[in-house]
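# Per-entry structural report
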Amino acid sequence: MSNDVTLRPAVAQDASAVAEIWYHGWQDGHLGNVPDALLRIRTRESFRERASDRVGDTSVALVAGEVAGFVMVVGDEVEQVYVSSAHRGSGVAGVLLAEAERLVGDGGHSRAWLAVAPGNARARRFYERCGWVDEGEFENRVDGPDGLVLVPCRRYVRPLI
């Protein structure tokens, strides 16, 4: 596998690949770690819809011309960081997280934050290795078809230079 990673803003044609990576990665990190109400609304179709709707907030990492992962950044929040299973452990996630930090800083923010499911130990270890600090518990408010779903999370933060 090549270590050459190219970053670029997502385009509409990336939405399908982003949705697949997001769906499978979300399943890996969240099954058993979030309320059942959230699981019910996170259908495969919901990832397709959200990936299409969020192209403007998304940057993709390409390896050998194919989407290997993505980040979504809004304001000072790194909303999503996902890498395809084929590229986990290859360094793609670190490149994506650094890009997310750059985007937050370029947006005029001095600190970035992200939400992590408490039971997602792999993600928590990764963020900590990258210099992020667990700032404590909070309830993430997720819009669902029947109203808000409250999701217990950990808030990770990183000061930006």
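Reading the values: rules and limits
- As a convention, each chain's residues are numbered from 1 in the sequence order in which they are written.
- Only residues with pLDDT of 70 or above have their local features reported here, since the model is predicted, and side-chain atom pairs are shown and tallied only from 80 upward, although totals for entire chains, interfaces and linings are computed over all residues.
- Working from all heavy atoms in the structure, the side-chain values ignore hydrogens and water.
- Burial classes follow relative accessibility: with a 1.4 Å probe on protein chains only, a residue under 20% of its type's maximum area counts as buried, one over 50% as exposed, and anything between as partly exposed.
- Working definition: helices are DSSP H or I runs of at least four residues, strands are E runs of at least two. Numbering for both runs from the N terminus.
- Any two strands with at least two DSSP-identified bridges between them are counted as paired.
- In this description, the arc belongs to the directions extending from the helix axis to the C-beta atoms.

### Concerning the pairing of strand β2 (residues 58-63)
Consecutive side chains of a regular strand alternate in pointing toward one face of the sheet and then the other. Buried residues dominate β2, accounting for six of its six residues. Because side chains alternate across β2, one face comprises the buried residues T58, V60 and L62, and the other comprises S59, A61 and V63, equally buried. In this sheet, β2 lies alongside strand β1 (residues 5-9) in antiparallel orientation, the contact comprising five bridges. By the bridge assignment, L7 is partnered in β2 with A61. Note that β2 and strand β3 (residues 66-74) share six bridges and pair antiparallel. Of the residues in β3, the one forming a bridge with S59 is V71. Linking β2 to β3, which pair antiparallel, is a turn of two residues; within it A64 sits at a positive phi near 50°.

### Overview of helix α3 (residues 44-53)
All buried positions along α3 are accounted for by S46, F47 and A51. All buried residues of α3 lie within an arc of 130° about the axis, which places them on one face of the element.

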